[in-house]
Amino acid sequence: MSSSTGNDVLGRGLWVLGQAIRTEPRLFTVSAIGSSFFGFLIIANSYVVGAVIGNVVVPAFAERRVSAGGLALVVAVLLGISVLRVASIWARRLGAGFMQFRLQARYRRAVTRRYLSLPPEWHQRHATGSLLSNASSDVEATFAPIAPLPFAVGTIVMIVGALVALFLTDWVLALVGVALFPILFALNFFYSRRMAPRQIQAQRMRAKVAAVAHESFDGALVVKTMGREADESRRFGVFVTELRDALVAVGRLRGVFDPLMESLPSVGTLAVLLLGTWRLQTGAIGVTELVSVAFLFTVLAFPVRAIGWVIGELPRSVAGWERVQAVLSAEGDLRYGEGDLPGSAPAELRFDRVDYRYADGPPVLRDVTFTVPAGKTVALVGATGSGKSTIAALAVRLVDPDAGQVSVDGVKLPDLSASALAGASALVPQIPFVFDDTVRGNVALDRPDVDDDGVWAALRLAQADRFAGGLPDGLDTAVGERGTSLSGGQRQRLTLARALAGRPRLLVLDDATSAVDPRVEAAILGALRRRDSGTSILVVAYRRATIALADQVVYLHQGRVVATGTHVELMESQPGYRDLVTAYEKADK
Ligand SMILES: Nc1ncnc2c1ncn2[C@@H]1O[C@H](COP(=O)(O)OP(=O)(O)OP(=O)(O)O)[C@@H](O)[C@H]1O
């Protein structure tokens, strides 16, 4: 769907509501029946009130006495109608509430699932704050008209019933209804068209404010240390002001429309009273009819507002739906095959003539070919920007190559199922992500096959057992949001332990131990290499000690493999490599 304007928003909004009804037909039916029943009860109530006034109250005034039996009957009937109204309101509200919240939950899940299946490139193009807004306020906005929808449907049924009742009572008084109802609809329609662009703008600004706020909070440290608080507040202030203005524009229009909608039925009541008095005098109707119709008009105002609520929410709903659909229909996700990688032995990773470029950028990798033999450790060494992280991402299929292929144990990565791929390989990135959970939760990640022994074994391999054992509650220690209670090196080791707990057959370390002491880093790699079950390791390395531990080194320069060999061989044969590693060594001292 393209972006909506005021002209087509009603049609699109009704289409969205149709989708919602199709998804939850039963709940909608329950609440719409409850609501229609409520409408009929309103009409019935008006006629009962009219009958009470005409047949009980007026004669009581005339005769100066009240019949006890008549009074009891009146009380019983009015009470009965009230009880039925309670039941109908209950059905309407419960049905509409369940429908609205079930739809919200369904689409929140769908949006989140879609996020998780979209590739990193897509995420880089979309601000996190905006994504948060898709899953929260956009989903909420989409289904906002659902709450009053059954009420509005019941109201339409009620209006038809009311017109029939009016004509059966007196055609002159019915004409007031005939004149009034189209005006109410026209007013609602006009309102929706005027409101659409305002609501769409407000919804857009909500997402913008969320995105800027998220970025500010995320970069709070930079903002603070660079003394950018005032500028950042100003930047945020611009968007907040725009959101305020958009909401004020919405409020202004509503401020004009609401009293109009509220007052029209009162004008109707007035017209009924004027015409009714004349009809009463001519003997065309009695007190009962006049009171019934006048009372009906006084109680019409509230249900008719429900139509306004639905129509008023439609623009926001359409804007939300389009933003949600933009996520749900986003393309670029990786398709997985059915292939499996049985066994638990170390796997062989092979890059065969791989080319890669990011979106419209220049080529980043060209004709990259190398192998990580099963059980061996291969170090990727190259200057900054030479393509090491890109190779790491390709190795675990975060992205697919433009040409050539990547395979594990001879199976091309696209032929593998998502679970086979995740089970066989693990990537540990340079910037660790730690969940707001305990040490155990972060390492085990709810994997049923990872028990406490497995967690400790992984922590030992990652050289994290000592610090984890020293924490106040051991594995039960909560590490705070993003692991704020841990040091950078501890966070890296925890993430490494998480990868190891899954016993991957191929481990890809993208500068994953940069914040760890060089001796500890060498100890980690040494322990991984000695591990009984064994793992093939592709490691992006900067330290000489780490590089020297590798069985093989792939030396990259500007996206091409310049040479492959042992560290000693490359030190002798490749002056560029020698300079790079020597520079790393100096920097480390
Ligand atoms: N998401 C991206 N979009 C566009 N270009 C990118 C993206 N990520 C990396 N690049 C570009 O691809 C090239 C290789 O980047 P890559 O991160 O793979 O290099 P690297 O060798 O890991 O660098 P470093 O040692 O600095 O981490 C660089 O020129 C970089 O600018």
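Residues numbered from 1 in each chain as written. Predicted model: local features only at pLDDT ≥ 70, side-chain atom pairs only at ≥ 80, totals over all residues.

1. Structural notes on the overall build of the protein
Tallying secondary structure elements over the protein gives 20 helices and 10 strands in all. Considering only C-alpha atoms, the protein reaches an extent of 120 × 50 × 45 Å along its principal axes. By sequence separation, contacts in the protein at least 24 residues apart represent 80% of the contacts at least 6 residues apart. (Helix = DSSP H or I, 4+ residues; strand = E, 2+ residues; numbered from the N terminus. Contact = placed C-beta atoms within 7 Å.)

2. Quick look at the pairing of strand S10 (residues 560-565)
In terms of strand pairing, strand S9 (residues 552-557) meets S10 through five bridges, oriented antiparallel. Residue pairing across strands places Leu556 opposite Val561, the latter belonging to S10. (Pairing = 2+ DSSP bridges.)

3. Some words on the packing of helix H2 (residues 25-63) against helix H3 (residues 68-117)
Two numbers describe how H2 lies on H3: the axes approach to 8 Å, and their chain directions differ by 160°. The orientation of H2 relative to H3 falls into the category roughly antiparallel. Here the hand of the crossing between H2 and H3 comes out left-handed. A breakdown of the residues in the contact of H2 with H3 according to their chemical character gives 22 nonpolar, seven polar and two charged. (Axes fitted to C-alpha atoms, helices over the stretch in contact; angles between N-to-C directions. Parallel < 35°, antiparallel > 145°, perpendicular 65-115°, else oblique. Left-handed = near helix turned anticlockwise from the far one by under 90°. Nonpolar A, V, L, I, M, F, W, Y, C, P; charged D, E, K, R; others polar.)

4. Observations concerning the site of the ligand
Surrounding the ligand, one finds Gln124, Tyr358, Gly361, Val364, Gly382, Thr384, Gly385, Ser386, Gly387, Lys388, Ser389 and Thr390. Looking at which element gives the most residues to the shell around the ligand, the answer is helix H11 (residues 388-395), with three residues. Grouping the amino acids of the shell around the ligand by side-chain chemistry returns two nonpolar, nine polar and one charged. (Near = placed C-beta within 6 Å.)

5. Here's the deal with the sheet that holds strand S2 (residues 363-372)
Pairing within the open sheet is antiparallel, and its four strands lie in the order S2-S1-S4-S5. Taken across any chain shown, the strands that pair with only one partner, and hence form the sheet edges, are S2 and strand S5 (411-412). In this sheet, strand S4 (residues 403-408) lies alongside strand S1 (residues 349-357) in antiparallel orientation, the contact comprising five bridges. Looking at S4, one finds that Asp352 is bridged to Gln405.

6. Here's the deal with the nonpolar core
Core analysis: the biggest nonpolar cluster contains 74 residues, and Val381, Ala497, Val508 and Leu538 have the highest contact counts within it. In terms of residue count, the dominant contributor to this core is helix H16 (residues 488-501) (six residues). Within the second largest apolar cluster, 64 residues are counted, among which are Met195, Val272, Leu290 and Ala319. (Core = buried A, V, L, I, M, F, W, Y, C linked by C-beta atoms within 7 Å. Buried ≥ 20, exposed ≤ 12 C-beta atoms within 10 Å, placed from the backbone.)

7. Focus: the environment of Gly308
In this fold, Gly308 is placed in helix H10 (residues 287-328). Its 23 C-beta neighbours within 10 Å are what place Gly308 among the buried residues. Each C-alpha atom, one on Gly308 and one on Pro148, is 9.2 Å from the other, the two residues being 160 residues apart in sequence. Beyond its immediate chain neighbours, meaning those up to four positions away, Gly308 contacts Asn188, Tyr191 and Met261.

8. So, the pairing of strand S7 (residues 506-510)
Burial runs high along S7: five of the five residues are buried. Both faces of S7 are covered, namely the face carrying Leu506, Val508 and Asp510 and the face carrying Leu507 and Leu509. Pairing of strand S6 (residues 425-428) with S7, which is carried by four bridges, proceeds in the parallel orientation. Considered in S7, the bridge of Ser425 is made with Leu506.

9. Considering the domain arrangement of the protein
Parsing the protein into structural domains produces domain 1 (6-328) and domain 2 (349-588). Computed over C-alpha atoms, the centres of domain 1 and domain 2 are 56 Å apart. (Domains from an automatic or database assignment.)

10. A look at the sheet that holds S9
Read from one edge of the open sheet, six strands run S6-S7-S8-S3-S9-S10, paired in mixed fashion. Each edge of the open sheet is held by one strand with a lone partner, namely S6 and S10. Strand-to-strand twist of the sheet, defined as the mean angle between neighbouring strand axes without regard to direction, takes the value 15°. Docked against the sheet, H11 engages strand S3 (377-382), S6, S7, strand S8 (536-540) and S9, running at close to 150° with respect to S8.

11. Details of H16
With 14 residues, H16 ought to run about 20 Å at 1.5 Å a step, and its terminal C-alpha atoms sit 20 Å apart, in line with that. Burial within H16 is extensive, with 12 of its 14 residues counted as buried. Check the buried side of H16 and you find it contacts S6, helix H13 (439-444), helix H14 (452-461), helix H15 (465-469) and S7. Downstream of H16 by one or two residues, Arg503 has phi in the positive range, about 45°. (Expected span 1.5 Å × (residues − 1).)

12. Describing the packing of helix H6 (residues 149-169) against helix H7 (residues 171-218)
Between H6 and H7, the shortest axis-to-axis distance is 6 Å and the interhelical angle comes to 155°. In terms of axis orientation, H6 runs roughly antiparallel to H7. Crossing hand, H6 versus H7: left-handed. Along the contact surface, H6 presents Ile159, Ala162, Leu163, Leu166, Phe167 and Thr169, while H7 presents Trp171, Leu173, Ala174, Gly177 and Phe181.

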